[in-house]
Amino acid sequence: RRAAVERFTPFLPASPSVAAMVATGEFIGRLGRVDTAPEQREVDGITMPFVITCAEPSASAAAVSAWVAANQAEIEAKLAAHGAVLFRGFPLRSAADFDAFVCSFNGWEDLSYEQSMSFAVRKRVANRICTTNEGKSGGLVYHHEQAQTPLWPSKVFFCCEKPAEPGDGGATGLVHSALVLERLRAKHPHFVDLCEREGVRYTIFAGPEQDPTKGAGRSWKSFFHVDTREECEARMARGGWEWEWGVGPRGAKLGPDFLRCVTPRLDAVKTAPGTDRKCFFNQLIATIANALEFSHVGKAGGGFDPLKDVPSQEGVDECVRFGDGTRVSLEVLLDAKAICDELALDVEWQAGDVALICNYQMMHARRPWGGEPGSRKLLASLVAETDCRAAGVPLVNT
């Protein structure tokens, strides 16, 4: 897991180093102390995540909001340079506190669950705050949030309302997507060339009702924000989707209100905004799990382990292809998954922690968790990407 990674060029100048900033007691504003954490990894001079601890844990919510507003530019610079920022020890004890923290960032528009095209079943708990994936098997494979749709967030906040009990697991893994792309380019250059040249198209299978037993159990009504098939078809037509009703994977006959739909062509490699680094921005690795779940469409969730079980190549073909119709190699996807596991770090949650990640630079995954229901509570908030494009062309999401 901790092997050194070669050829990683910093996004921004890495001087002064995080170690030097910590040694000299550097602050960001009055409340933010530059700090270290056991989770950090240094890769070729870049420390991930950048850690800020609260110098005054008794500070009021209003003081924290004012600190964010006064220091937002520097926080944004750290996010661009490191891909993720971990805020630890701040007085964030509830969903309302987390919401106030998120809302303190000026100009960052909300991408609400109701507006989003997430596969997951989630619940809103405050203004801009929702639960993470309600499905038992969801989110366990590294992914960029909603990169399989024409509407993705630019940034993601996670907040730990209640950490898992010791020994139960439940950390959140992070891996730098630019590093994954570099490894894949070195090992599978033809695959990366197809990613860059052709892009990808994803196939989605959805029923008319929410299925919280699955990680990808959102209904087509919720996914497309419609009430009827006619409204759904009109929205898909505007966005360049293809679709058919009553058909499941491998041509299986399902009820007439089950939907099979194919996205427009989406990019598989993107340059992270504010940087010159290309990232493996897609949902290809997570397709390993989605192929297993979609093979159970119309059935209750469970019966497989997305961390151990492997779909067939045909199962992957049912879920994703390159933009020109070429199949996406399962063998390469499994190799990419192994690369993620090798390069990843785990955020071991403490109560009140907030992790802010750049959705272009960082993939994330929920690590295995064996606790009782309700013994781990992680909340999320998504920041809208206001200019979603593929091949330089704006995507239609209405």
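First things first, this report covers the structure right here in the doc. (Residues numbered from 1 in each chain as written. Predicted model: local features only at pLDDT ≥ 70, side-chain atom pairs only at ≥ 80, totals over all residues. Heavy atoms only, no water.)

With that settled, consider helix α10 (residues 330-343). The terminal C-alpha atoms of α10 lie 20 Å apart, and with 14 residues this matches the ideal 20 Å at 1.5 Å per residue to within 8%. All buried positions along α10 are accounted for by Leu 330, Val 332, Leu 333, Asp 335, Ala 336, Lys 337, Ile 339, Cys 340 and Leu 343. The N-terminus of α10 is capped by Ser 329, whose side-chain oxygen sits 3.2 Å from the backbone nitrogen of Glu 331. (Helix = DSSP H or I, 4+ residues; strand = E, 2+ residues; numbered from the N terminus. Expected span 1.5 Å × (residues − 1). Buried < 20%, exposed > 50% of the residue type's maximum accessible area, 1.4 Å probe, protein only. Polar contact = N/O pair within 3.5 Å; in protein donor to acceptor, adjacent residues only side chain to side chain.)

Burial of strand β10 (residues 172-176) is extensive: five of the five residues sit out of reach of the surface. Neither face of β10 is exposed, since Thr 172, Leu 174 and His 176 on one face and Gly 173 and Val 175 on the opposite face are all buried. In terms of strand pairing, β10 meets strand β17 (residues 345-347) through three bridges, oriented antiparallel. Across the sheet, the residue bridging to Gly 173 is Asp 346, located in β17. Bridging between β10 and strand β19 (residues 362-366) involves five bridges; their strand directions are antiparallel. Each residue of the ladder has a partner; that of Thr 172, found in β19, is Arg 366. (Pairing = 2+ DSSP bridges.)

Turning next to the state of the cysteines. In total, this model carries zero disulfides according to the counting rule given. With no disulfide of its own, Cys 232 lies 6.9 Å from the sulfur of Cys 261, the closest cysteine sulfur. Accessibility expressed as a relative area gives 0% for Cys 232, which makes it buried. (Disulfide = S-S within 2.5 Å.)

The nine strands lie next to each other as β1-β2-β5-β6-β18-β9-β20-β8-β7, forming an open sheet whose pairing is mixed. Either end of the sheet is taken by a strand with one partner, and the two such strands are β1 (27-28) and β7 (124-126). Summarising the sheet, strand β6 (residues 84-88) and strand β18 (residues 354-358) pair through four bridges and their orientation is antiparallel. In the strand pairing of β18, Leu 86 is matched with Ala 355. Docked against the sheet, helix α2 (residues 61-82) engages β1, β2 (32-35), β5 (50-54), β6, β9 (153-162) and β18, running at close to 135 degrees with respect to β6. Lying over the sheet, helix α3 (residues 95-103) contacts β6, β7, β8 (129-131), β9, β18 and β20 (377-384), oriented at roughly 150 degrees with respect to β9. (Contact = heavy atoms within 4.5 Å. Axes fitted to C-alpha atoms, helices over the stretch in contact; angles between N-to-C directions.)

At a minimum axis separation of 5 Å, helix α4 (residues 177-187) and helix α5 (residues 189-198) run at an interaxial angle of 125 degrees. What the angle tells us is that α4 and α5 run oblique. Here Leu 181, Leu 184, Arg 185, Ala 186 and Lys 187 of α4 lie close against α5, whose contacting residues are Pro 189, Phe 191, Val 192 and Glu 196. (Parallel < 35°, antiparallel > 145°, perpendicular 65-115°, else oblique.)

Those residues of α5 lying buried are Phe 191, Val 192, Leu 194, Cys 195 and Glu 198. Relative to the axis of α5, the buried residues are bounded by an arc of 160 degrees and lie together on one face. Opposite the buried face of α5, by more than 90 degrees, sit the exposed residues Pro 189 and His 190. Where α5 ends, the next residue or the one after it, Gly 199, has phi of about 65 degrees, a positive value. (Arc of directions from axis to C-beta.)

Before going further, it helps to examine the pattern of salt bridges. Summed over the entire model, instances satisfying the criterion amount to 21 salt bridges. Salt-bridge contacts for Arg 260 lead to Glu 244; the nearest nitrogen and oxygen are separated by 3.5 Å. Here the residue Arg 260 occupies a position in strand β13 (residues 259-262), and Glu 244 occupies one in strand β12 (residues 242-245), the gap between them amounting to 16 residues. As a salt-bridge pair, Arg 367 and Asp 346 come within 3.5 Å of each other at their nearest N and O atoms. (Salt bridge = Lys/Arg side-chain N within 4 Å of Asp/Glu carboxyl O.)

Moving on to the environment of Ser 17. When you line up the elements, Ser 17 lands in the segment before α1 (18-23). Between the alpha carbons of Ser 17 and Arg 33 there is a distance of 14 Å; along the sequence they are 16 residues apart. At a separation of 3.1 Å, a polar atom in the side chain of Ser 17 contacts the main-chain amide nitrogen of Ala 20.

All right, on to the sheet that holds β10 then. Strands sit in the order β17-β10-β19 across an open sheet of three strands; the sheet is antiparallel. Lying at the two open borders of the sheet, with one neighbouring strand each, are β17 and β19. For this sheet, the mean angle separating the axes of adjacent strands, direction not counted, is 30 degrees.

This part takes up the nonpolar core. Proteins that are soluble and globular tend to have nonpolar side chains buried together. By size, the foremost hydrophobic cluster in this structure holds 120 residues, and its most contacted members are Phe 87, Phe 157, Phe 191, Phe 224, Phe 280 and Leu 284. Element by element, the count of residues in this core is highest for α10, at seven residues. Leaving out residues up to four positions away in the same chain, Phe 191 has contacts with Leu 184, Phe 280, Leu 284, Phe 322, Val 328, Val 332 and Leu 333. (Core = buried A, V, L, I, M, F, W, Y, C linked by side-chain atoms within 4.5 Å.)

Let's shift gears to the packing of aromatic side chains. Counted according to the given criterion, the structure contains 19 aromatic pairs. Look at Phe 90 and Phe 101: their rings are 6.5 Å apart centre to centre, the planes differ by 55 degrees, and that puts the pair in the tilted class. With Phe 90 in the loop between β6 and α3 and Phe 101 in helix α3, this residue pair connects regions lying eleven residues apart in the sequence. We classify Phe 90 as buried; its relative accessible area is 4%. A ring pair is formed by Phe 101 and Phe 157, whose centres lie 6.4 Å apart and whose planes are at 85 degrees; its orientation type is edge-to-face. In this pair, Phe 101 is assigned in helix α3 and Phe 157 in strand β9, connecting sequence segments 56 residues apart. On the basis of relative accessibility, which here comes to 0%, the residue Phe 157 falls in the buried class. (Phe/Tyr/Trp six-rings, centres within 6.5 Å; stacked < 30°, edge-to-face > 60°.)

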